[in-house]
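# Inside the fold
Okay, here's what each chain looks like letter by letter:
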Amino acid sequence: PGENSLSPRLWTRLPFTLLGLALIGVLLWQVSLWETLDRLRRLGWAGLWILLPYGVGALFCCQGWACALKTFGEAVPFARLYRARLTGEAVNNVTPGGDIGGEPLKVYMLTTWGVPTDKALASLVIARTGLIAGQILFILLGLPFFLHRLGLLRQDGIVLLPLLGLAYLFVH
């Protein structure tokens, strides 16, 4: 190939980039570009605070995934893992498969970086299971406060005992 030829990698990324830009264009057309820009202007720099909880959660989730990979003797740079996670989450958000649509893509990305398929899949299952377990524990711990706020939890704590029992069964 000559100096002016485009790399094959560019030709594989270009259609997906154009498709992504087209999807954003359709979304902004349906929602109204001017209304979206007006809302972003009203939020200002404070709008960045909206992204902070997701970003921190994504970092912790990615670190958990890295720990799961290390148990199999595999080390993938954190930046690559984070890219795989964001790519998979993006696919999860636009496909009807829900939270599992992008998981095969995450495994595929790991395999392109030299991680054997069985280890990539097992690490992802471990990481997702840990994430779900943490979410369930968070819900179980917050449920009594929510019920109290609604006035459904009495002061004597009778309703709290079954919830504590559920939390105990979940942890053990």
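This report concerns the structure included in the present document. Here the residue numbering is sequential within each chain, running from 1 through the sequence in written order. Where local features are concerned, this predicted model is filtered to residues with pLDDT of at least 70; where side-chain atom pairs are given and counted, the filter is 80 or more; whole-chain, interface and lining totals use all residues. No hydrogens and no water enter the side-chain calculation; it runs on all heavy atoms of the structure.

## Quick notes on the overall build of the protein chain
Helix and strand counts for the protein chain come out as seven helices and zero strands. By definition, any uninterrupted DSSP run of H or I lasting at least four residues is a helix, any uninterrupted run of E lasting at least two residues is a strand, and each is numbered from the N terminus. Sequence-ordered secondary structure for the protein chain, helices as α and strands as β, is α-α-α-α-α-α-α. Relative accessibility under 20% of the residue-type maximum defines a buried residue, over 50% an exposed one, and the middle range a partly exposed one, all with a 1.4 Å probe and only protein chains included. Within the protein chain, the fraction of its 172 residues that count as buried is 21%. Should any heavy atoms of two residues lie within 4.5 Å, those residues are considered in contact. Contacts in the protein chain between residues at least 24 apart in sequence constitute 48% of all its contacts with a sequence separation of at least 6. Only the protein chains shown count as cover for residues, and all accessible areas are computed by the Shrake-Rupley method using a 1.4 Å probe. When the accessible surface of the protein chain is split by element, carbon and sulfur atoms take 72% of a total near 12900 Å².

## Regarding a positive patch on the surface
Like charges are joined within 9 Å and nonpolar side chains (Val, Leu, Ile, Met, Phe, Trp, Tyr) within 5 Å, but only among residues with over 30% relative accessible area and no salt bridge; these make up the patches. Here, a salt bridge means any side-chain nitrogen of Lys or Arg that lies within 4 Å of a carboxyl oxygen of Asp or Glu. Note that His is not counted, nor are the chain ends; the positive residues are Lys and Arg, and the negative ones are Asp and Glu. Throughout, a charge is located at the NZ atom of Lys, the CZ atom of Arg, the CG atom of Asp or the CD atom of Glu. Taken together, the side chains of Arg9, Arg13, Arg80 and Arg83 define a basic patch exposed on the protein surface. Among the elements of the structure, helix H1 (8-31) and helix H4 (78-94) are those that each provide at least two residues to the positive patch. Secondary-structure assignment places Arg13 in helix H1.

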